[in-house]
Amino acid sequence: MCINPDTDYLENLDAEIIRALADIYVSMHVIDLEADVQRTIKNKRQVAELLVRDTAVSKQMKIVMQNVCVDEFVEPMLSFTDIKTVAERIGKSLCISQEFEGKNEGWCRANFIVLSRNDKGLANKVLFTVEPIEEIKQRELELRTLSEMDALTRIANRRGGERQIAEMLQSGKPGMFCILDIDNFKDFNDKYGHQVGDEVLIKVAQCLKKTLRGEDCPMRLGGDEFAFYAVGIANENNARDCIQRIMNSIDEVRIANIDEKISISAGAVFSPAIETMTFDHLYNKADKKLYESKKQGGTCFEIIWGDI
């Protein structure tokens with residue numbers, strides 16, 4: 001017995017699937033990679049206005065990407081949407097994806113999804129889709145911010161501060177890296193309890209945030225150790241002024257029912273504008289200078305100048 005498929009049912013089912021997918025994506029196109037042609041299923045008006053009738057899809061992709069992507073993503077997306085290399089890049093996979101930031105849509109994810117393959121096993125027909133992921137990116141940013149923030153002091157923790165400073169160094173931004181240590185911090189905990197000790201840590205962090213500029217990076221390394229990277233500090237006078245302002249701010253802090261004043265010791269190092277500079281190198285150099293400051297009894301700072 002021969003069973004004929006219900007073609008009407010299958011066509012209706014295909015249409016339902018397409019409509020469901022269209023709710024997810026802002027753009028959908030079936031692309032024949034070998035013929036270099038495409039059939040539009042869904043498109044944004046701004047994109048549709050860029051398309052030239054009867055033009056090869058490879059050329060249309062270039063026009064669209066050059067117009068919809070923010071500048072830093074134009075080249076990566078031109079490479080990703082190169083129709084001539086899609087089949088090779090997909091290989092045996094079912095899909096390849098690339099995230100980018102659009103001028104109008106914000107963060108998006110572009111996908112090439114395999115629909116069929118030729119006799120050699122290479123993808124010859126794909127579904128090209130673009131989906132908005134702005135909300136996903138925002139959640140990722142929020143989660144990263146929480147994971148890189150010190151819960152007590154509300155400034156960057158070591159992980160977050162190290163990442164930010166590493167990015168500044170890779171960008172070739174000169175500046176000063178400084179490690180701060182609270183003098184005799186153990187006494188605050190032993191004499192007044194950990195609640196007072198926590199308040200001391202919070203006050204020091206607040207002084208750093210208040211004294212440093214928005215582009216600088218204050219961080220809590222852990223325990224009673226803090227650090228910061230001050231962008232653009234390029235001479236000894238500016239460095240001394242910066243550290244002294246922080247020390248003066250901390251010197252003005254008062255905690256209720258506590259006689260002791262808070263003081264710090266610091267070790268600092270200047271970072272020239274070279275991309276090969278690393279966080280670990282600056283940390284080790286500044287830490288040695290901090291040790292020299294502590295040997296002098298605290299409430300002082302040491303700075304390395306010259307070749308580091």
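Just above, that's the structure.
(A) Spotlight on the overall build of the protein chain. When its secondary structure is counted, the protein chain shows eleven helices and ten strands. Out of the 308 residues in the protein chain, the part that is buried amounts to 41%. Taking as baseline every contact in the protein chain between residues at least 6 positions apart, the subset at least 24 positions apart corresponds to 59%. Just so you have it, the protein chain exposes about 17500 Å², and 48% of that area is on carbon and sulfur atoms.

(B) Just the environment of Ile 250, in detail. Among the structural elements, Ile 250 can be located in helix α10 (residues 236-251). The exposure class assigned to Ile 250 is buried, which follows from its relative accessible area of 1%. Residues Ile 250 and Lys 261, eleven residues apart in the sequence, show an inter-C-alpha distance of 8.6 Å. Apart from residues no more than four positions distant in its own chain, Ile 250 is found in contact with Val 204, Cys 207, Ile 262, Ser 263 and Ile 264.

(C) Structural detail: the state of the cysteines. Per the stated rule, a full pass over the model turns up zero disulfides. Looking at the unpaired Cys 108, the closest cysteine sulfur is the one in Cys 69, lying at 8.5 Å. A relative accessible area of 2% means that Cys 108 is categorised as buried.

(D) Representation of the pairing of strand β2 (residues 37-42) in the model. Looking at chain direction, strand β1 (residues 27-32) and β2 are connected through five bridges and run antiparallel. Within β2, the position partnered with Met 28 by the bridge is Lys 42.

(E) Representation of the sheet that holds strand β4 (residues 106-117) within the structure. Ordered by their spatial adjacency, five strands build an open sheet running β2-β1-β5-β4-β3, and the pairing between neighbours is antiparallel. Each edge of the open sheet is held by one strand with a lone partner, namely β2 and β3 (95-102). Looking at each pair of strands side by side, their axes are set apart by 20° on average, direction ignored. Where helix α5 (residues 83-90) meets the sheet, its contacts fall on β1, β3, β4 and β5 (123-132), and the angle it forms with β4 comes to roughly 75°.

(F) How the structure looks around the nonpolar core. Membership of the largest hydrophobic core comes to 34 residues, with the highest contact counts inside it found for Leu 180, Ile 182, Phe 226, Phe 228, Ile 243 and Ile 262. Secondary structure elements with two or more residues in this core: β6 (175-182), α8 (185-192), α9 (194-211), β8 (225-231), α10, β9 (264-271) and β10 (301-304). Examining the composition of this core, we find that seven residues originate from one element, α9, more than from any other. Residues in contact with Ile 243, not counting those within four places in the same chain, are Met 176, Cys 178, Phe 228, Ala 266, Ala 268, Phe 301 and Ile 303. The next biggest cluster of nonpolar side chains, apart from the first, holds 26 residues, and it includes Leu 33, Val 57, Leu 78 and Phe 80.

(G) Examining the side chain of Asp 181 more closely. Mapped onto the fold, Asp 181 is located in strand β6. The buried category is assigned to Asp 181, whose relative accessible area is 11%.

(H) Here's a closer look at the packing of α9 against α10. At a minimum axis separation of 9 Å, α9 and α10 run at an interaxial angle of 135°. As far as their axial angle goes, α10 and α9 are oblique. Our pair here, α9 against α10, has a crossing hand that is right-handed. Side by side, α9 and α10 meet where Val 204, Cys 207, Leu 208, Lys 210 and Thr 211 of the first sit next to Arg 245, Ile 246, Ser 249 and Ile 250 of the second.

(I) Region of interest: the packing of aromatic side chains. Inspection of the entire model under this criterion finds five aromatic pairs. Where Phe 177 meets Phe 279, the ring centres are 5.4 Å apart and the plane angle is 70°; that geometry is what we call edge-to-face. Taken together, the positions of Phe 177 in strand β6 and Phe 279 in helix α11 (residues 279-295) put the pair 102 residues apart, joining distant regions of the chain. An identical accessibility class is assigned to Phe 177 and Phe 279; each is buried. An aromatic cluster is present here, built from Phe 80, Phe 112 and Phe 128 joined pairwise through their rings. Directly above the ring of Trp 107 sits Lys 137, whose terminal nitrogen or CZ lies 4.5 Å from the centroid. The ring of Tyr 283 is capped by Arg 158, whose NZ or CZ atom sits 4.7 Å from the centre of that ring.

(J) Inspection of helix α3 (residues 57-68) at higher detail. Counted at 1.5 Å a residue, the expected span for α3 with its twelve residues is 16 Å, and the 16 Å between its end C-alpha atoms agrees. Every buried residue of α3 is listed here: Val 57, Ser 58, Gln 60, Met 61, Val 64 and Met 65. The arc enclosing the buried residues of α3, seen along the axis, measures out at 155°, which places them on a common side. Exposed and oriented more than 90 degrees from the buried face of α3 are Lys 59 and Lys 62.

(K) Highlighting unusual backbone geometry. The backbone of Asp 36 sits at a positive phi, close to 60°, despite the residue not being glycine. Relative to the helices and strands, Asp 36 is located in the loop between β1 and β2. Here the phi dihedral of Asn 184 falls at roughly 50°; this positive angle occurs in a residue that is not glycine. Examined against the element boundaries, Asn 184 turns out to sit in the loop between β6 and α8. Judged by relative accessible area, Asn 184 falls into the exposed class, the value being 57%.

Criteria and cut-off values
Residues numbered from 1 in each chain as written. Predicted model: local features only at pLDDT ≥ 70, side-chain atom pairs only at ≥ 80, totals over all residues. Heavy atoms only, no water. Helix = DSSP H or I, 4+ residues; strand = E, 2+ residues; numbered from the N terminus. Buried < 20%, exposed > 50% of the residue type's maximum accessible area, 1.4 Å probe, protein only. Contact = heavy atoms within 4.5 Å. Areas by Shrake-Rupley, 256 points an atom, 1.4 Å probe, with all protein chains shown as cover. Disulfide = S-S within 2.5 Å. Pairing = 2+ DSSP bridges. Axes fitted to C-alpha atoms, helices over the stretch in contact; angles between N-to-C directions. Core = buried A, V, L, I, M, F, W, Y, C linked by side-chain atoms within 4.5 Å. Parallel < 35°, antiparallel > 145°, perpendicular 65-115°, else oblique. Left-handed = near helix turned anticlockwise from the far one by under 90°. Phe/Tyr/Trp six-rings, centres within 6.5 Å; stacked < 30°, edge-to-face > 60°. Lys NZ or Arg CZ within 6 Å of the ring centre and 35° of its normal. Expected span 1.5 Å × (residues − 1). Arc of directions from axis to C-beta.

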